[in-house]
Every structure is written in structure tokens, then in C-alpha cells.
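Per-entry structural report
Residues per chain, in single letters:
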Amino acid sequence: MSMVVQFLPVPQEDLMGPFCAPIGRGRPPLAAPAGVDEAEPVMTELLQIIEREALPYFARFTSVEDVRHEASELLKSGVDDPWHLEIRFRASLMLGDVTAAEEDAARIVAVATSGEDWTREEWVGELRDRTVGLLEIARRSLPEARAVLESDAAETRRRVLL
């Protein structure tokens, strides 16, 4: 599993994303270094925060089942978050559980077509479309769907330079 830590120059309390956890809460923002020479103490402190908070968070995810379980826990809030549904949908396909993937795909379509203001955002429609397309592939051939998942993972690794 890879981890990406995004250093925000202006802290965001409401930053949202799939499987994200704010770190360094309860402390003042790190001072932006004026130059390379001043960066070492700031980066050292950031590294310590990552080691203390981020690494234990991500260490909980050692298997696809762990990821699916975490997505299920996040969905217990009563909100059908499309990101968490998509994560669980994809994890279910990786585990060969097409029935569970079909249930999540149906929930994603329901959320995307609910008519709520935020569901009109472009990313929600894109998420729905890729889910529906991947489910069609999985119904036809689970190995082919898994190949699409691997291709998606490879593209993500390429984009974040891993």
C-alpha cells in the first residue's frame, strides 16, 4: 500500500477524500520556511508527525479485506459517500464478490441520480459511469475486471510518480 501525504500551506479542517486522515491536529500550522536552509526543522517536524500519526493509520490496511472493512465502517455514518462506495465496490471485485459489488454499484447509481445539488458535480457522474462500466465487465469476466483494476492502479502509481 502506498501513502501520499499532502502538505497544505493553509490547513483545511474540512478536507475530504477517500481514506484520508488529517494529521497534526491540535497544533499550530507549521511555519513555511523562507528558503532551503530553513526547511530542515520544518520538514523534520512534518516527518515526526507523519511517523506518529499517518503511518499507524495506514498500517491498519494490510489486505484488500481490511480496505473493504474500513469502507464499510465509514459508510455506517448513514451517508452513502460515493468515494467510499466505490472503494468497497472495487475491493469486492478484487475479492471476487460480484454480488456485493452489484449492491454497491446500485447504491452509487442511486446516489448519483438522487437529484441532490452536489450530485450534479462532474466527478459524481464520472464515478457512476466507471462503476457501471466495470460492473458490466465483471459480470462478463471477473479476470477481465481485475485486469482493469490493475491497469487503474498502475495509472495511479504513474501519476503520483511511484
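Quick look at the structure, then. (Residues numbered from 1 in each chain as written. Predicted model: local features only at pLDDT ≥ 70, side-chain atom pairs only at ≥ 80, totals over all residues. Heavy atoms only, no water.)

A short note on helix α5 (residues 122–140)
Short version of the rule: Put simply, DSSP marks the helices as runs of H or I at least four residues long and the strands as runs of E at least two long, and each gets a number from the N terminus on. Expected helix span is given by 1.5 Å per residue-to-residue step, counting one fewer step than there are residues. For the exposure calls, accessible area comes from a 1.4 Å probe over protein chains only, and a residue counts as buried if that area is under 20% of its type's maximum, exposed if over 50%, partly exposed in between. For this analysis, residues touch if any pair of their heavy atoms sits within 4.5 Å.
End to end, α5 covers 28 Å across 19 residues, agreeing with the expected 27 Å (1.5 Å per residue, within 8%). Within α5 the residues assigned to the buried category are Val124, Gly125, Leu127, Thr131, Leu134, Leu135, Ile137 and Ala138. In this structure, the buried side of α5 is in contact with α3 (82–94), α4 (98–112) and α6 (142–159).

Focus on α6
Note the cut-off: The arc in question is traced by the directions running from the helix axis to the C-beta atoms.
The first and last C-alpha atoms of α6 sit 26 Å apart over 18 residues, in line with the 26 Å expected at 1.5 Å per residue. Looking only at α6, the buried set comprises Leu142, Ala145 and Leu149. Down the axis of α6, the sector holding all buried residues measures 60°, keeping them to one side. Across α6 from its buried face, at more than 90 degrees, point the exposed residues Pro143 and Arg158. Following α6 by one or two positions, Leu161 adopts a phi angle in the positive range, close to 60°.

Observations regarding the side chain of Asp104
Tracing the chain through its elements places Asp104 in helix α4. With residues up to four places along the chain from it excluded, the contact list for Asp104 reads Leu85, Arg88 and Phe89.

Regarding the pattern of salt bridges
Let me state the cut-off plainly: A carboxyl oxygen of Asp or Glu within 4 Å of a side-chain nitrogen of Lys or Arg is what we treat as a salt bridge.
Following the criterion strictly, the structure yields 16 salt bridges and no others. Put simply, Glu86, Arg90, Arg130 and Asp152 are held in one network by salt bridges that share partners.

Examining the packing of aromatic side chains
Let me state the cut-off plainly: Between 30 and 60 degrees the pair is tilted, below 30 it is stacked and above 60 it is edge-to-face, where a pair is any two Phe, Tyr or Trp rings, Trp via its six-membered ring, whose centres lie within 6.5 Å.
A full pass over the atoms with the stated rule returns four aromatic pairs. Ring geometry for Tyr57 and Phe58: centres 4.9 Å apart, planes at 80°, overall edge-to-face. The exposure class assigned to Tyr57 is buried, which follows from its relative accessible area of 15%. The class of Phe58 is buried, set by a relative accessible area of 18%. Of the aromatic side chains, those joined through ring pairs into one cluster are Tyr57, Phe58 and Phe61.

Section: the packing of helix α2 (residues 64–75) against α3
Note the following rule: To obtain each axis, a line is fitted to C-alpha atoms, and for helices this fit is confined to the stretch in contact; angles are then taken between N-to-C directions over 0 to 180 degrees. For classification purposes, angles smaller than 35 degrees are called roughly parallel, those larger than 145 roughly antiparallel, those between 65 and 115 roughly perpendicular, and all remaining angles oblique. Each helix crossing is assigned a hand: it is left-handed if the near helix lies turned anticlockwise from the far helix by less than a right angle, otherwise right-handed if that turn is clockwise.
Relative orientation of the contacting elements α2 and α3 amounts to 150°, with a least axis distance of 9 Å. With respect to each other, α2 and α3 are oriented roughly antiparallel. When the axes of α2 and α3 are compared, the crossing they make is left-handed. Contacts between α2 and α3 involve Val64, Val67, Arg68, Ala71, Ser72, Leu74 and Leu75 on the former and, on the latter, His84, Leu85, Ile87, Arg88, Ala91, Ser92 and Met94.

Quick look at the side chain of Arg88
With respect to the helices, strands and loops of the structure, Arg88 is situated in helix α3. In this structure Arg88 comes out as buried when scored by relative accessible area, which is 14%. With residues near it in sequence (within four places) discarded, Arg88 still touches Arg68, Ala71, Ser72, Leu75, Asp104 and Arg107.

Details of the environment of Glu65
Threshold: Each polar contact in these results corresponds to two N or O atoms within 3.5 Å; when the atoms are within protein, one needs to be able to donate a hydrogen and the other to accept it, and residues that are neighboring in sequence are counted only if both atoms are side-chain atoms.
The topology assignment puts Glu65 in helix α2. Take Glu65: its relative accessible area is 37%, and that puts it in the partly exposed class. Separated by 26 residues in the primary sequence, Glu65 and Ala91 place their C-alpha atoms 7.2 Å from one another. Only 3.2 Å separates the side chain of Glu65 from the side chain of Arg68, close enough to count as a polar contact.

Nothing here speaks to function; it is geometry throughout.
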